[in-house]
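Now for the letters of each chain:
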Amino acid sequence: MIELRGIGKQFGGRALFAGLDLDLLPGKTTVIMGRSGSGKSTLLRMLNQLERHDAGTVRLGEIEIPAGLPHGEWVKRATALRRRTGMVFQGYHLFPHLCVLDNVTLAPRIVQGREREAAEARAMELLKLVGMQDAADRFPARLSGGESQRIAIARALATEPEVLLLDEPTSALDPGSTAEVVKVIGDLRDRGFTQAMVTHDPELGRRLADRVFEL
Amino acid sequence: MLRFLACLLLAAAAIAQIPLPQRYRDAGVVRWGSDAEGGAPFVYLDGQHPERGEIGFEVDLARELGTVLGVEFRRVQAPYEHLVQVLERGDCDLVLNGFEPTPVRRALVRFSRPYYIFQQQLSVGPAVEGVRGLQDLVGKRVGVLGQSQSHQVLLEHPGIEVVLYESNVTAYEEVVNGRNAASLADLPIARALRPLFPKLRDVGEPFGAFYYAMAVRRGEPELQSALDAAVGVLFANGTLERIYRRWDLWVPEEAKLGDAAVAETFARDIEERGPAPIDWGSAMQLLGLGALRTVGISVIAFALAVLLGLAVALLRLHGPRPLQWVALGYVELFRGTPILVQMLLLYYGLGQVPGLSMSAEVAGILGLALNYAAYEAEIYRGALSAIPRGQREASQALGLSTAQSLRHVIVPQALRLSLAPSTNDFIALFKDSSIVMVITVVELTKQYQMLANASGRFILLGLVTSGLYLLMSLPLAYLARRFERSLDRDHA
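Fair warning: this is a prediction, and the values are worked out from it, not measured in the lab.

Participant: Explain the overall build of chain B to me, using residue names and the numbers behind them.
Facilitator: Looking only at helices and strands, chain B has 19 helices and twelve strands in total. Its C-alpha atoms put chain B at 105 × 45 × 45 Å along the principal axes. In chain B, which comprises 492 residues, the proportion classed as buried is 42%.

Structure (structure tokens):
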């Protein structure tokens, strides 16, 4: 699973991390906690290279990304890495011009070249998994926060990633919606899906974590 | 010395004899309208000494008329095709500009006695064979100055494809570069421009006998009488011959200027007639055809502008550094220079480069597309930058490449944001498309100008033309609004 080795990151002239090691254990949910400004989101975003690191190596299977790669080579490896991971953002970032079903099938069809029918059948299963099977034809602007985040999870799972990265998935949600989303994440943990989650809510972190990584 | 004194006396007598209307005496100025663009030998800028101002045989003539009438003749610049309207508006007091008393013009303004008799000269390009006269040009393109005597002559020869220009220089250029087979021009113009076009070949003898006369407003017979008398004095004392010989324009035909029959050619025919009759059926048909052409040009040009503009915007934001500069340069170049200049360069400029010459329609569409693409590029750049960063990150996290993320996520959203400003631009382009008339394309506005000039019905035809533009742009605006609303329903 994803390994970080000796990771360093400069941020605004000071070292955010230096010599940091982290292993995501297969089938486990790792919760990254820390006070604000400690760089927990930056660390999570390094796992799929939305942030580049300045020192050390990120590895997933045979994909190895040492710091300081030339841009073209980095883009190639980072894209390969991202194709094996899924990510859920605090602000959902659903595609507003696509309906729910198209949000979920976009990457399987474009990135993995799946047929529309196959992609849609799989998308319906995922929507069912997150309890949103009736929302397939709706557009993101008509969804509540909890609904949006559950669809974002379905979208992230649609490419069959090996690991799911969750960046403060419930911070923008009201308590009712938080419960819906937490249930989905808890179900995934119980089925042995590898996850890494950032949260600033210690109680939620302890509830979902197999393992806590404190920054 | 004696002759000089005699001349002075004669001039003094003339001044005393010719009763110029009081308001001109009081002002001490008579303003004569003319167009110095492509105006050799009438009135033009000397290319070698532009600092000396306009020269030409009519500049000399105006000076002599001023002397005889005891006032200053001051030149007013106006487009040749609109001299009648400029005169009627009162921006000048008379037109002196190789102005032929065509029936249409005679219905609108009053003409003086002729001051010059001119003939027609046909010229062909270097590659044109077997043309001896107008009869050999059926089915061929012949360029001519719009609203001129040569234009009238061509209209009497059905089957010739007449192409109108706003100057004789461009009409000749189009013969040299092979777009047109021939050009017909007034002899003085043909002679004056010959040194500029050594490749042109004059065919046949000069023919016809037509007159240049000055035009004044209908309600000013006294000014006309004064000009008639002044021309008479200048002919009688040899001044006209002296001027015409200096400009190599004196032909034996000019001797007839003194004939009473010639002098009175236009004197009898000035009763009020009002605007010429107009065939509304064919006028509407012509305007309809012009409108179709306007729609065709606008739609194709805008489609190209959208594609090119999007490409430029994407290059500017996501291209490699050198291409970003190229894209920026493109936008600044095409936004920062007048579309009129771009259009003229594209058509006449490239027309001089072998292999790059294109038809007027193609050049017009391309010119509009290139210009509007710069504006569309800025709209799209703004819209692309306005798409939240999270959209890009979400698609990256899903493994989409930059190109895939642009194509499936960013650009579709940006195009929606651009819809309103882009529609606005389309309506603007739709109206701006009339600029293609400067490169001889006859679209709706040009058709209107031609019909209005031919009939004098500027207001009525103008209202009809405006109505046609509205009829075309309103549904467009309506469709765009509806499309926007339907997007809002989905996404808000």
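Right, picking up where we left off after that structure.
Participant: Run through the packing of helix α12 (residues 280-318) of chain B against helix α13 (residues 321-336) of chain B, naming residues and quoting values.
Facilitator: Residue and element names in this part refer to chain B. In contact at an axis separation of 7 Å, α12 and α13 are set at 135° when each is read in the N-to-C sense. In this view, α12 runs oblique relative to α13, as classed from their interaxial angle. Where α12 crosses over α13, the handedness of that crossing is left-handed. Residues V312, L315 and R316 of α12 touch α13, and the partners they reach there are L323, Q324, A327, L328, Y330 and V331. Here the contact of α12 with α13 is composed, by residue class, of seven nonpolar, one polar and one charged.

Participant: Which residues make up the environment of B:Q396, and what values go with them?
Facilitator: As for its position among the elements, B:Q396 is in helix α16 (residues 389-397). Note on B:Q396: 22 C-beta atoms within 10 Å, which makes it buried. It is 42 Å that separates the C-alpha atoms of B:Q396 and B:V362, two residues lying 34 residues apart in sequence. With near-sequence residues (within four places) excluded, B:Q396 lies in contact with A:L50, A:R82 and B:S405.

Participant: Pulling in residues and values, what's your account of helix α4 (residues 116-129) of chain A?
Facilitator: All names here are of chain A. In this model, α4 (14 residues) spans 20 Å end to end at C-alpha, consistent with the 20 Å of a helix rising 1.5 Å per residue. Residues of α4 that are buried in the fold lie against α3 (100-110) and α5 (145-157). At the C-terminal side of α4, G131 shows a positive phi close to 75°.

Participant: Explain the sheet that holds strand β8 (residues 141-145) of chain B residue by residue, including any values.
Facilitator: All names here are of chain B. Read across the sheet, five strands follow the order β9-β8-β10-β7-β11 without closing on themselves; strand pairing throughout is mixed. Looking at which strands have only one partner, the edges of the open sheet turn out to be β9 (161-165) and β11 (201-212). Between one strand axis and the next, the sheet turns by 25° as a mean value, whatever way the strands run. Strand direction decides the pairing type here: strand β7 (residues 116-124) and β11, joined by seven bridges, are antiparallel. What sits directly across from I117, in β11, is Y211.

Participant: Outline helix α14 (residues 339-351) of chain B, listing residues and values.
Facilitator: Residues and elements named next belong to chain B. Its 13 residues place the ends of α14 17 Å apart at the C-alpha level, agreeing with the 18 Å of an ideal helix rising 1.5 Å per residue. The axis of α14 is deflected most strongly, by about 30°, at L345. On its buried side, α14 packs onto α15 (360-386) and α17 (402-432).

Participant: For the domain arrangement of chain B, give the residues involved together with the corresponding values.
Facilitator: Taken domain by domain, chain B consists of domain 1 (2-115 + 213-263), domain 2 (118-209) and domain 3 (280-491). Each of domain 1 of chain B and domain 2 of chain B has a C-alpha centre, and these two points are 27 Å apart.

Participant: Could you give an account of unusual backbone geometry, with specific residues and numbers?
Facilitator: For A:E160, which is not glycine, the phi torsion reads 55° and is therefore positive. On the basis of neighbour count, A:E160 is assigned to the exposed category, with 11 C-beta atoms found within 10 Å.

Participant: Requested: an account of the interface of chain A and chain B, with residues and values cited.
Facilitator: You'll often see interface size given as the accessible area lost when the parts meet. Chain A puts 19 residues into the contact, and the matching count from chain B is 19 residues. For the side of chain A that touches chain B, the secondary-structure elements that each account for two or more residues are α2 (71-82) and α3 of chain A. In terms of residues, the side of chain A that touches chain B owes the most to one element, α3(A), which gives three residues. A class-by-class count of the residues in the side of chain A that touches chain B yields eleven nonpolar, six polar and two charged.

Participant: Mind laying out the sheet that holds strand β9 (residues 211-214) of chain A, listing which residues take part and the relevant values?
Facilitator: Residue and element names in this part refer to chain A. The five strands lie next to each other as β6-β7-β8-β3-β9, forming an open sheet whose pairing is parallel. Only two strands of the sheet have a single partner each, and these edge strands are β6 (85-88) and β9. The sheet shows a mean angle of 20° between the axes of neighbouring strands, taken without regard to direction. The pairing of strand β3 (residues 29-33) with strand β8 (residues 195-198) spans four bridges and is classified as parallel. Pairing of T30 across the sheet is with A196, part of β8. Each of β3, β7 (163-167) and β8 touches helix α6 (residues 175-190); the most contacted strand, β8, lies at about 145° to it.

Participant: Give a detailed account of the nonpolar core, specifying residues and quantitative values.
Facilitator: Of all hydrophobic cores here, the largest spans 105 residues; its most connected members are A:I151, A:A154, B:A301 and B:Y372. For this core, the leading source of residues is α15(B), giving 15 residues. Once residues within four sequence positions are removed from consideration, B:A301 is found in contact with B:I365, B:L368, B:A369, B:Y372, B:L429 and B:S433.

Participant: Tell me about the pairing of strand β5 (residues 63-66) of chain A, and name the residues and values.
Facilitator: Summarising the sheet, strand β4 (residues 55-60) of chain A and β5(A) pair through four bridges and their orientation is antiparallel. Bridge assignment links A:L60 to a residue of β5(A), and that residue is A:I63.

Thresholds, definitions, all that
Residues numbered from 1 in each chain as written. Chains lettered and ligands numbered in written order. Predicted model: local features only at pLDDT ≥ 70, side-chain atom pairs only at ≥ 80, totals over all residues. Helix = DSSP H or I, 4+ residues; strand = E, 2+ residues; numbered from the N terminus. Buried ≥ 20, exposed ≤ 12 C-beta atoms within 10 Å, placed from the backbone. Axes fitted to C-alpha atoms, helices over the stretch in contact; angles between N-to-C directions. Parallel < 35°, antiparallel > 145°, perpendicular 65-115°, else oblique. Left-handed = near helix turned anticlockwise from the far one by under 90°. Contact = placed C-beta atoms within 7 Å. Nonpolar A, V, L, I, M, F, W, Y, C, P; charged D, E, K, R; others polar. Expected span 1.5 Å × (residues − 1). Pairing = 2+ DSSP bridges. Bend = angle between axes of the 7 residues up to and from the residue. Domains from an automatic or database assignment. Core = buried A, V, L, I, M, F, W, Y, C linked by C-beta atoms within 7 Å.

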